[in-house]
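# Survey of secondary and tertiary structure
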Amino acid sequence: MLTERYAALLTGYCVRVQPGDRVLLNVDLAAAGLARALCRSVLAAGGEPFLRLQYPEAVADVVELASDALLASEAAVQQREIELMQAYVRVAAPENSRVAAGADQSRLARLDKRLAAANRHRVERTRWVTTLYPTPAAAQEAGMSTDAYRRFVFDAMFLYDEDPAARWRELGERQQRLVERLASADAVRLEGPGTDLRLRVRGRTWANSDGRRNMPSGEVFTSPLEDSAEGVVRFTVPSAVRGSVVEDVSLRFEDGRVVEATARRGQDLLDGMLATDEGARYLGEIGIGTNPHIRVPTLKTLFDEKILGTVHLALGRSYESSGGRNDSAIHWDLVCDLREGGRVTVDGEPFLEDGRLLWLE
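A brief report on the enclosed structure follows. (Residues numbered from 1 in each chain as written. Predicted model: local features only at pLDDT ≥ 70, side-chain atom pairs only at ≥ 80, totals over all residues. Heavy atoms only, no water.)

## A short note on the packing of helix H1 (residues 2-14) against helix H9 (residues 164-182)
Applied cut-off: To obtain each axis, a line is fitted to C-alpha atoms, and for helices this fit is confined to the stretch in contact; angles are then taken between N-to-C directions over 0 to 180 degrees. A run of H or I in DSSP counts as a helix once it spans at least four residues, and a run of E counts as a strand once it spans at least two, with each numbered from the N terminus. Angle categories: roughly parallel below 35 degrees, roughly antiparallel above 145, roughly perpendicular from 65 to 115, and oblique for all the rest. When checking whether two residues touch, look at their non-hydrogen atoms; a contact exists if any pair is within 4.5 Å. Three categories are distinguished: nonpolar for Ala, Val, Leu, Ile, Met, Phe, Trp, Tyr, Cys and Pro, charged for Asp, Glu, Lys and Arg, and polar for the others, with Gly belonging to the last.
With their axes 10 Å apart at the nearest point, H1 and H9 run at an angle of 50° to one another. Considering the angle they form, H1 stands oblique to H9. Residues Arg5, Leu9 and Tyr13 of H1 form the contact with H9, whose own contacting residues are Pro164, Ala165, Trp168 and Arg169. Residue composition of the contact of H1 with H9, by class: five nonpolar, no polar and two charged.

And the structure:
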């Protein structure tokens, strides 16, 4: 029952499959049980599913074995495939989050660049959603039993409710109140331990992330003015990226650009991400987490950036739909936990304090 409800939420509420839609389903092998339910749900809605199952080592194998010519070539097939799709569902189901550990970071960056155009088309031109299917590996990484983690994941998606979509619409209505008030905002300031960062958002469009593109979701976000970030920010929530973990990242910005970057763990990876291209040193997003069922970090950005009362900033590619102009092969979200001794002010007015969203009280 939960599997069918999960599939129906992804295809019905999230990407809103319509008769005649071509839907690309990119599903990790560990979530094969969900794959059939997704295909059946797409077919029942009058769409055509295109299933792509992915084994855990797929990216690591490409990085290790692909020729230089391949990495330098255009991703013509991937580009044409996504251009033919109206909707895209990505189901990650990690069996080993360190499967790419030790991979050549420069080759990973080249692979990111190769796929950047196709990924940009997917984000800007299709109805898409990304979700994470609970696995024992993800549970272990989160420090939970498999059963507890499964409950955590499904609870964060409201799947235990008889009508999950209705719950997402309710959360969306609350978030819309924030979006409407932020529409005229300009100056944003983040303050907390190791953090005093100012940036501007005037003229940028705030988005209400109500589960349509991320499942689970629960955030409002926009792309800041590219040259506006000034000051320092510390990200105490660990980040898993490219098969490794980066912890306790501190960034210093001048004129919007990262000019100093340190990490207690994962310095080489941090340096490699920033070296991807020039756009990787600029912010592409600021977001505020609002999901009431996500309270603890789990080393999964899809969940961690939605933690109620936190702020996340993304290095790299900005959102065209928000008015962003920063171009990069990466979009790396880092979470700043301001729930203890932190605050956010918008045009001098208190917005978030110690994890409380004051504008919703």
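## Here's the deal with H9
For clarity, the threshold we go by: One fewer than the residue count of a helix, multiplied by 1.5 Å, yields its expected span. Exposure classes here rest on a 1.4 Å probe applied to the protein chains alone. A residue is buried below 20% of its type maximum, exposed above 50%, and partly exposed in between.
If you check H9, its first and last C-alpha atoms are 27 Å apart, about what 19 residues at 1.5 Å a residue would give, namely 27 Å. Where H9 is concerned, the buried positions are Pro164, Ala165, Trp168, Leu171, Gly172, Gln175, Leu178, Val179 and Leu182.

## Structural notes on the packing of aromatic side chains
What counts is decided by this rule: Side-chain rings of Phe, Tyr and Trp (the six-membered ring for Trp) are treated as a pair once their centres are within 6.5 Å; stacked means planes under 30 degrees apart, edge-to-face means over 60, and tilted covers the remaining angles. For a ring to carry a charge above it, either NZ of a lysine or CZ of an arginine must fall within 6 Å of the ring centroid while also lying within 35 degrees of the normal to the ring plane.
Under the defined criterion, the tally for this structure stands at seven aromatic pairs. Aromatic pair Phe158 and Trp168: ring centres 4.6 Å apart, planes at 50°, arrangement tilted. Of the two residues, Phe158 is situated in the loop between helix H8 (146-156) and H9 and Trp168 in helix H9; the sequence distance between them amounts to ten residues. Lying across the ring of Trp128, Arg122 places its NZ or CZ 5.4 Å from the centre. Across from the ring centre of Phe158, 4.3 Å away, lies the NZ or CZ of Arg167, which sits over that ring.

## Things to note about the pattern of salt bridges
The condition is simple: Any carboxyl oxygen of Asp or Glu that lies within 4 Å of a side-chain nitrogen of Lys or Arg is treated as forming a salt bridge with it.
Inspection of the entire model under this criterion finds 29 salt bridges. The shortest N-O distance in the salt bridge between Arg120 and Asp327 comes to 2.8 Å. A residue pair is termed long-range when its members are at least 10 positions apart, and Arg120 in helix H6 (residues 105-125) and Asp327 in the loop between strand E15 (311-316) and strand E16 (331-336) qualify at 207 residues. Its relative accessible area of 29% is what places Arg120 among the partly exposed residues. Judged by its relative accessible area of 48%, Asp327 is partly exposed. A salt bridge links Arg252 to Glu254, with the shortest nitrogen-to-oxygen separation between them at 2.6 Å. Judged by its relative accessible area of 29%, Arg252 is partly exposed. Overall, Glu254 belongs to the partly exposed group, its relative accessible area being 39%. Connected through shared salt-bridge partners, Arg189, Glu191, Asp196, Arg198 and Arg343 make up one network.

Geometric values such as these leave the question of function open.
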